[in-house]
Every structure is written in structure tokens, then in C-alpha cells.
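# Report on the structure
Here is what each chain is made of, one letter per residue.
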Amino acid sequence: MSELFPMSERTRELDARLAAFMAAHVYPAETEFAEWDRDPARRWTIPPLLESLKSRARAEGLWNLFLPDPVHGAGLKNLEYARLAERMGRSLIASEIFNCSAPDTGNMEVLHQFGSAAQQTQWLNPLLEGEIRSAFAMTEPDVASSDATNIALPIVRSGDEYVITGRKWWTTGAGDPRCKILIVMGVTDPGADPHRRQSMVLVPMATPGVRVARALQVFGYDDAPHGHVELAFEDVRVPVGNLLHREGSGFEIAQARLGPGRIHHCMRLIGLAQRALEAMVERARHRVAFGRPLGDLGMAQEAIALSRCEIEQARLLTLQAAATLDAHGNKGAKDLIGMIKIVAPRMACAVLDRAMQLHGGGGLSQDHFLAQAYAGARSLRLADVPDEVHIAALARSMLKA
Ligand SMILES: Cc1cc2nc3c(=O)[nH]c(=O)nc-3n(C[C@H](O)[C@H](O)[C@H](O)COP(=O)(O)OP(=O)(O)OC[C@H]3O[C@@H](n4cnc5c(N)ncnc54)[C@H](O)[C@@H]3O)c2cc1C
């Protein structure tokens, strides 16, 4: 653990409680969740155990830890939350149990920062309570969506309503039966400056004309019951009161949403990679090939040692980004956020790949968490914004300086 960024008393206490909760309830539930998901009769439904673990976590005060607001959330700094997100990131099912999972966290931050009082009552409160889930629909199949100014879905004002027709895809979480609200980005003023064309509107999933067209898969994983879906909007009408913030602020909200959220993903990836490293060490100690434990082999030693170096590098960079975010805000931390978004998913992919290799055939199968974790880590080289876009932005920032 880093001496450069010592844990606060509060973080240490919360982390210990999270660790105990995960050992007692979360890791033991992983198999049941996986089996639930593999059962064709129960796919795209919610295991009752999930809701009961949520209630238990909430009763223990391990809830909404991500939100810096002390009234609605835990009031933690990014640097403090980094340690807790790392802990939760060790299990693919943990974050949701503590109401700290994407995309709800980013959506709650948006509603908290930009939502009107009425929007907060209707949507933020039930999200904070963990009663509903939400999704964020920005990416479109027909345009290069890593450039937000390309977003083209028309949002047309007609009297007291906005009318939306078109397609979104990769909308994470919109397959979940508990997903009740979408934050949809589209174009309200095609003639405006490219950064002022878009707006965001709240679209209840139950609105007539909203349809899940299909579930997308990442290397064969559809991540049911939350999913990543393609959405069709067919003459969808919502009241103008569903506009978030003001017309033309879509780009601004998207930028604000991605700051801390990106870091959360990185924190979780460090926890996931750390768990993979621990699994590698365990395997290398006990698995015997050609008369020797795998750990006696140079290749296993290299896999373990390199992974430890890379995880620690990424951890320090993430903590540095979190500390800078706390001290100087999104703008001041821009380069560091970009750096960790480049580094963390690549690091996690490299570590998970080594871990799968050391686990042999089983490492690629459903018997270990590694293959699904790899698919998730690989996705994070793309989700939010592709890492190449961060590379280009970071280089531009250096060249300009
Ligand atoms: C599992 C998963 C979950 C997702 N969840 C969501 C979600 O909930 N909501 C949502 O709206 N979207 C989501 N996305 C979509 C994701 O944000 C986009 O895929 C991403 O922003 C890239 O957009 P695109 O797919 O249109 O790729 P494009 O914009 O077509 O880009 C393709 C490639 O071109 C390269 N490239 C583009 N621009 C540059 C540049 N400036 N410099 C260098 N290289 C560049 C990159 O290699 C990039 O990957 C998710 C994606 C995945 C895989």
C-alpha cells in the first residue's frame, strides 16, 4: 500500500468494513449470480439475493460512497473513494451491491449537478435509494461517437414536447428491468456552434416509442441482466420539462460527467487486477508441472513480478489523479485523468491476460472470473472515450505547453 497517499482514518475504517462484507457476502455470492445468469429461464431478471445484499449493505452504511455530497452521499474526497472503489472493483458484482456502480453513479452525479428540483425528486432520489436503475445514451451506430460533436440524434421541440426519433447503441444498463430512466444526448440546434448543438433530456424507459432493439455482446458476454443494448426511438415524446440544465449544454454535461467517472473505472480496474495477481500467485504456488510448482518457472515469475510492478504504477497514478482532482478540479486534473484512462485498462488487460495464461484452459472458462473480467477491462479501452483519444489529447496538451 502506498505511503505517499496514506489512507484517512475514515477510509481505513470503511475499507475494513467493505473487506469484511465482501468476504462474508459478496465473493460467496459470485457463483450463484453466475449460475442465475446462465439459466435461460432466469436471464434478464434480477437474482433476489442481489436485492437482499443491497439492503444489508445499506443497513451497514456501506452505501452511495461515491457521491462527494455529504447529505446525499458519503462526503468522501476522490482520493478517499479511490481506495474503496479499488476494494469493490475486486468483484464484478460488488459495486452494485453498494449502490456505487456505473452508469448509475455518473447519472446520479449529473442529476445532482444539473437536475432541477422536480427532476431530482422524481429520478435522483429513487436512484440514491437503489430502487431503480438508469442508463446514459450518447453513442450512435451511424457516427464516430468518440467525437461528441458528431452526435446526431434529433431532439426536436414541438410545442411543450421534445420529439426524438433515431438510434443509440451500447447503452449500458438499459436491458435491466429496473432501468426506468435514460439520459439521452441529441441535437436541439443543428445550426449552432458544434459544442452548443447538443442537449440532454430525460426519457423514461416506459415512454411509448422507446424500444430495446437488441442486446450487444462483448466477446460473447451480454452482461445480463444489465446489458449493453441498441435502442430505437420511434416518435418518442417527452415534456420540455425533461430537459437537463439548458438547451445547448449537452457537451458541457458530458464533459462534467466523465471526469470523476473515468477515475472510478480506473480504481475498480486496479482492484480487479490485484485480485488476478493474487490468483496467479496462488496458482503458481500449488500447480505442479513437470515435477515443479509453476512458480519455479521463469515465465510464471515474470508474469507475477511484472504484474505487481504495473499494478503499483497504475495505483500511484490513479491516486495522484484523484488527489489532483480534489485539489484542482476536473480542469486542473485533465492530463492526469487522461493518463490514468490510458494506463489502467491496458494494465488490467495485460495482468488478466497473464493470469488466464497461468490458469491454463480453465483460465479462459466460466470456472474463473478472469475471462469475463478481461472482457470488461478490454471494454474500458473504449467505453466513455477510446484511449487513443486520450493519447491524442495528452500529446496535444504537451505540445501546446
Ligand atoms: C462495453 C461498452 C459499454 C459502453 N457503454 C456506453 C454507454 O453506457 N453509453 C454510451 O453512450 N456509450 C457507451 N459505449 C460506447 C463507447 O463510449 C464508444 O464505443 C466510444 O466512445 C467510441 O465511439 P465509437 O464506437 O463510435 O468509435 P469511433 O468514434 O468510430 O472510433 C473508432 C476508433 O477510432 C479511433 N479514434 C477516434 N478518434 C480518435 C482520435 N481523436 N485520435 C485517435 N484515435 C481516434 C479510436 O481507435 C477509436 O476506438 C460503450 C462501449 C462499450 C464497448
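Anything mentioned here points back to the structure above.
A brief structural summary. A quick note: this is a predicted structure, and the numbers were derived from the prediction, not measured. The residue numbers shown here count from 1 along each chain, following its written sequence. Local features are withheld for residues below a pLDDT of 70 in this predicted model, meaning they are given only at 70 or higher, and side-chain atom pairs are given and counted only at 80 or more; totals for whole chains, interfaces and linings count all residues. Side-chain figures throughout are based on the complete set of non-hydrogen atoms in the structure, without hydrogens or water.

Next up on the list: the overall build of the chain. Within the chain, the regular secondary structure consists of 11 helices and 9 strands. In this description the radius of gyration comes from C-alpha coordinates, and the expected globular size is given by 2.2 Å times residues to the power 0.38. A globule of 401 residues ought to have a C-alpha radius of gyration of about 21 Å, and the chain, at 21 Å, matches this closely. In terms of principal-axis extent, the alpha carbons of the chain reach across some 75 × 55 × 40 Å. Burial status follows relative accessibility: with a 1.4 Å probe on protein chains alone, a residue under 20% of its type maximum counts as buried, one over 50% as exposed, and anything between as partly exposed. Of all 401 residues assigned to the chain, the portion counted as buried reaches 52%. Nonlocal contacts in the chain, meaning residues at least 24 apart in sequence, comprise 74% of its contacts between residues at least 6 apart. For the chain, the computed accessible surface area is about 17,900 Å², with 55% contributed by carbon and sulfur atoms. The chain carries 44 positive and 47 negative side-chain charges, and their two centres are separated by 2 Å. Secondary structure elements are defined from DSSP: runs of H or I of at least 4 residues count as helices, runs of E of at least 2 residues count as strands, and each element is numbered from the N terminus. Note on definitions: a residue-residue contact is assigned when non-hydrogen atoms from the two residues lie within 4.5 Å. What sets the accessible areas is the Shrake-Rupley method with a 1.4 Å probe; for residues, cover comes only from the shown protein chains. Charged residues are defined narrowly, with Lys and Arg counted positive, Asp and Glu counted negative, and His plus the chain ends left uncounted. A charged residue contributes its charge at one atom only: NZ of Lys, CZ of Arg, CG of Asp or CD of Glu.

Ring pairs shown here join Phe, Tyr and Trp side chains whose ring centres sit within 6.5 Å, with only the six-membered ring taken for Trp; geometry is labelled stacked below 30 degrees between planes, edge-to-face above 60, and tilted in between. Scanning the model with the defined rule gives 3 aromatic pairs in all. Where Phe21 meets Phe98, the ring centres are 5.3 Å apart and the plane angle is 65°; that geometry is what we call edge-to-face. Highlighted residues: Phe21 in helix α1 (residues 9-38) and Phe98 in the loop between α4 (94-97) and α5 (104-114), separated in sequence by 77 residues. The exposure class assigned to Phe21 is buried, which follows from its relative accessible area of 2%. Of the residues examined, Phe98 reaches a relative accessible area of 0% and is grouped as buried. Two conditions define a charge located above a ring, namely a distance within 6 Å from the ring centre to NZ of Lys or CZ of Arg, and an angle within 35 degrees of the ring normal. The cationic tip of Arg257 hangs over the ring face of Phe136; the distance from NZ or CZ to the ring centre is 3.9 Å. The side chain of Arg275 reaches across the aromatic face of Phe369, ending 4.5 Å from its centre.

The next subject is the sheet that holds strand β6 (residues 210-216). Pairing is antiparallel across the open sheet formed by 4 strands, whose spatial order is β2-β3-β7-β6. The open sheet has two edge strands, β2 (155-158) and β6, and neither has a second partner. On average, each strand axis in the sheet is inclined to that of its neighbour by 15°, with strand direction left out of account. Any two strands between which DSSP finds at least two bridges are classified as paired. Lines fitted to the C-alpha atoms define the axes, with helices restricted to the stretch that makes contact. Angles between their N-to-C directions range from 0 to 180 degrees.

Attention now goes to helix α11 (residues 387-400). To estimate how far a helix should reach, multiply one less than its number of residues by 1.5 Å. For α11, which comprises 14 residues, the first-to-last C-alpha distance of 20 Å matches the rise-based estimate of 20 Å (1.5 Å per residue) to within 8%. Of the positions making up α11, those classed as buried are Asp387, His390, Leu394 and Ser397. Within α11, the buried residues cover an arc of 80° as seen down the axis, which keeps them to one side. Pointing more than 90 degrees away from the buried face of α11 are the exposed residues Arg396, Leu399 and Lys400. The arc refers to the directions leading from the helix axis to the C-beta atoms.

With that settled, consider the nonpolar core. Residues grouped as a nonpolar core are buried Ala, Val, Leu, Ile, Met, Phe, Trp, Tyr and Cys residues, joined through side-chain atoms within 4.5 Å. Counting 90 residues, the largest nonpolar core has Leu65, Tyr81, Met88, Ile97 and Phe98 as its most contacted members. For this core, the element with the most residues is helix α7 (residues 250-286), which contributes 15 residues. Residues Ile155, Ile164, Cys179 and Val184 belong to the second largest nonpolar core, which totals 20 residues.

A word on the sheet that holds strand β4 (residues 179-187). Strands sit in the order β1-β4-β5 across an open sheet of 3 strands; the sheet is mixed. Both outer strands of the open sheet, β1 (133-137) and β5 (198-204), are each paired with one neighbouring strand and no more. Each strand axis lies, on average, 20° off the axis of its neighbour in the sheet, ignoring direction. The sheet contact formed by β4 and β5 spans 7 bridges and is antiparallel. Paired with Ile183 across the two strands is Leu202, which belongs to β5. Of the strands in this sheet, β1, β4 and β5 touch α5, which is tilted by about 85° from β1. Where helix α6 (residues 117-128) meets the sheet, it contacts β1, β4 and β5, and its direction lies at approximately 70° from that of β5.

Turning to empty space enclosed by the protein, a few remarks are in order. Here a cavity means grid points, on a 1 Å grid over the protein atoms only, where a 1.4 Å probe fits yet cannot get out; a pocket means an open set of points with protein on both sides within 12 Å along at least five of seven lines; lining residues are those with an atom within 4 Å of a point. Grid points are joined across faces, edges and corners, and a volume is the space filled by probe spheres set on the points. Enumeration over the complete set of coordinates arrives at 1 cavity of 30 Å³ or more. As for the largest cavity, its lining consists of Ala82, Glu86, Met267, Ile270, Arg315, Thr318 and Leu319. Those elements giving two or more residues to the lining of the largest cavity turn out to be α3 (78-89), α7 and α8 (298-332). For the lining of the largest cavity, the element with the highest residue contribution is α8, accounting for 3 residues. All amino acids are sorted into three groups, where Ala, Val, Leu, Ile, Met, Phe, Trp, Tyr, Cys and Pro are nonpolar, Asp, Glu, Lys and Arg are charged, and the leftover types, Gly among them, are polar. Counted by class, the lining of the largest cavity contains 4 nonpolar, 1 polar and 2 charged residues.

Taken N-terminus to C-terminus, the directions of α8 and helix α9 (residues 334-358) make an angle of 160°; their axes are 8 Å apart at the nearest point. Taken together, the axes of α8 and α9 lie roughly antiparallel to each other. With respect to the hand of their crossing, α8 and α9 are arranged in left-handed fashion. Residue classes in the contact of α8 with α9 are distributed as 18 nonpolar, 6 polar and 4 charged. Throughout this description, any angle smaller than 35 degrees is read as roughly parallel, any larger than 145 degrees as roughly antiparallel, any in the 65 to 115 degree range as roughly perpendicular, and the remainder as oblique. Handedness of a helix crossing follows the sense of rotation of the near helix relative to the far helix, less than a right angle counterclockwise being left-handed and clockwise being right-handed.

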